[in-house]
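Residues per chain are reported as follows:
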Amino acid sequence: MNNELKQLVCKLQEELSLSLAEYEYLIENRTSEIAEYLASKAVEVKKNIYSNAIYIRGLIEISNICKNDCFYCGIRRSNKNCDRYRITKEEIMECVREGYNLGFRTFVLQGGEDSYYTDEILCDIICCIKKEFSDVAVTLSLGERSKESYKKLFDAGADRYLLRHETANEEHYKKLHPEEMSFKNRIECLHNLKEIGYQVGCGFMVGSPYQTNKTLAKDLKFIEKFKPDMVGIGPFVPHKATKFANEGAGTVELTCFLLSIIRLIHPSVLLPATTALGTIDSSGREKGILAGANVVMPNLSPISVRKKYELYDNKLCTDAESAQNKKELEEKMKKIGYEIVVDRGDIRKEF
Ligand code: SAH
């Protein structure tokens, strides 16, 4: 094995940090051998904290109506062929009840930036979930909002917020988003969420257009400094109705390599093996777990809308990706030595 790369992995494990140049070098020169070594370290670190437990989250996609026009995203506002929907509070409650019975103790409400969901409406939904089920965590993933809004939702009972930074390089950010969207605002939102007291998740797509090993190194440095509680990364997958329709998808290989690095940077981080990873490879989720991930987020949206929340082509929402097929997921995890637990799955802060 290349000794220089091996030493970088050991340094990362000991110091939880590398320089930008070192991250870039590690990514640039990776081999399958070093990836295996890195993954074994990442799994060791993860098991010391979480043993072989896998946390599950029920993902409820509440609306695909969005005021934004992100160049990569299938539900961007200028996609006229997108069949738009939003689900009601009662439908959300039905999803939560069904999920609770299936053993879910975290619910993620995700959606486009749909102005229908005012603070008042969201606070009411959050309160209702918390009132009926006192032992669950509510995660929101509803894009950029004001600090006051985030505070109100937190006070209503929301525990966590997922807002991928998408890229830590401002120039790159501009190539993925229209001019009216601001990198600075996105980062400010993340800081606001943290200040308010949420468990916060950032993240990015792997293999997005114009991404380089340099921009990836910056993403890793950002994660190192920001210290999020969760990091969502998954391969970029093109969507036919976007201007990136003909771009190549990200790879399982690089996604897994980065999952391992992120686990070593931040040993206790909650790290999902994402739907996008399961979409481009039928054993993608397992590969993600074996690289250091410890969370999966099966789809709990009403069946009638599942296909409509199409962020990218052929997005998986059936089989082990469906909350209703938890048994199948359990079997798959068991086969690789892991166990799905009935638990809120909070970050272990003591580590
Ligand atoms: N409106 C919310 C939720 C966005 S969807 C928000 O702004 O946070 C959740 C994530 O899906 C996005 O953050 C993005 O990283 C990812 N995503 C969008 N389009 C994608 C694509 N074509 N391929 C892979 N991931 C994609």
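Look a little higher up for the structure.
Quick caveat: nothing in here was measured; it's all calculated off a predicted structure. (Residues numbered from 1 in each chain as written. Predicted model: local features only at pLDDT ≥ 70, side-chain atom pairs only at ≥ 80, totals over all residues. Heavy atoms only, no water.)

K.L.:
Got a minute to help me understand the overall build of the protein chain in this structure?
P.N.:
When helices and strands are counted, the protein chain shows 14 helices and nine strands. Relative to its length of 351 residues, the protein chain is compact, with a C-alpha radius of gyration of 19 Å against a globular reference of 20 Å. Each of the three principal axes of the protein chain carries a C-alpha extent, and together these read 60 × 45 × 35 Å. Considering the protein chain as a whole, with its 351 residues, one finds that 61% of them fall into the buried category. Intrachain contacts of the protein chain at a sequence separation of at least 6 include 75% that bridge at least 24 residues. In the form shown here, the protein chain has an accessible surface area of approximately 14,400 Å², with 50% of it arising from carbon and sulfur atoms. Here the protein chain carries 51 positive and 52 negative side-chain charges, and the mean point of each set is 1 Å from the other. (Helix = DSSP H or I, 4+ residues; strand = E, 2+ residues; numbered from the N terminus. Rg over C-alpha atoms; globule rule 2.2 N^0.38 Å. Buried < 20%, exposed > 50% of the residue type's maximum accessible area, 1.4 Å probe, protein only. Contact = heavy atoms within 4.5 Å. Areas by Shrake-Rupley, 256 points an atom, 1.4 Å probe, with all protein chains shown as cover. Lys, Arg positive; Asp, Glu negative; His and termini not counted. Charge placed at Lys NZ, Arg CZ, Asp CG, Glu CD.)

K.L.:
Looking at this structure, I do not really get the site of the ligand. What am I missing?
P.N.:
Taken together, the neighbourhood of the ligand is formed by 18 residues, with Tyr72, Gly111, Arg164, Glu166 and Val237 sitting nearest. Arg164 has a polar side-chain atom sitting 2.9 Å from an oxygen atom of the ligand. Surface burial for the ligand is 91%, taken as the share of its 560 Å² of free accessible area covered by protein chains. Under a 2 Å grid-point criterion requiring more than half of the atoms, the pocket assigned to the ligand is the largest cavity. In terms of residue class, the shell around the ligand is made up of 10 nonpolar, five polar and three charged. (Near = heavy atom within 4 Å. Polar contact = N/O pair within 3.5 Å; in protein donor to acceptor, adjacent residues only side chain to side chain. 1 Å grid on protein atoms, 1.4 Å probe; cavity = no way out; pocket = protein on both sides within 12 Å on 5 of 7 lines; lining within 4 Å. Sits in = over half its atoms within 2 Å of the grid points. Nonpolar A, V, L, I, M, F, W, Y, C, P; charged D, E, K, R; others polar.)

K.L.:
Just to check I follow, could you spell out the sheet that holds strand β1 (residues 53-56) for this structure?
P.N.:
To summarise the sheet geometry, strands pair through backbone hydrogen bonds and adopt either a parallel or an antiparallel arrangement. Spatially, three strands are ordered β8-β1-β9 in an open sheet, and the strand pairing comes out parallel. The strands lining the two open edges of the sheet, one partner per strand, are β8 (295-296) and β9 (339-340). Strand direction decides the pairing type here: β1 and β9, joined by two bridges, are parallel. Bridge assignment links Ile54 to a residue of β9, and that residue is Ile340. (Pairing = 2+ DSSP bridges.)

K.L.:
I keep staring at the environment of Phe236 and nothing clicks. Help me out?
P.N.:
Note on placement: Phe236 falls in the loop between β7 (230-235) and α10 (252-265). For Phe236, a relative accessible area of 1% corresponds to the buried category. For the pair Phe236 and Gly207, spaced 29 residues apart in sequence, the C-alpha separation works out to 5.6 Å. Excluding residues within four positions of it along the chain, Phe236 makes contact with Tyr72, Met205, Val206, Gly207, Ser208, Pro209, Phe244, Glu247, Gly248, Ala249 and Gly250.

K.L.:
Sorry, what's going on with the nonpolar core here?
P.N.:
Nonpolar side chains tend to gather and get buried jointly when the protein is soluble and globular. One finds Ile60, Ile129, Leu140, Tyr198, Leu258, Ile261 and Ile262 to be the most contacted residues of the largest nonpolar core, which totals 103 residues. The element best represented in this core is α10, accounting for 10 residues. For Ile60, the contacting residues outside a window of four places in its chain are Ile87, Ile92, Cys95, Val96, Phe107, Val108, Leu109, Gln110, Leu300 and Ser301. If you look at the next biggest cluster of nonpolar residues, it comprises 13 residues, including Ile49, Tyr50, Met297 and Val341. (Core = buried A, V, L, I, M, F, W, Y, C linked by side-chain atoms within 4.5 Å.)

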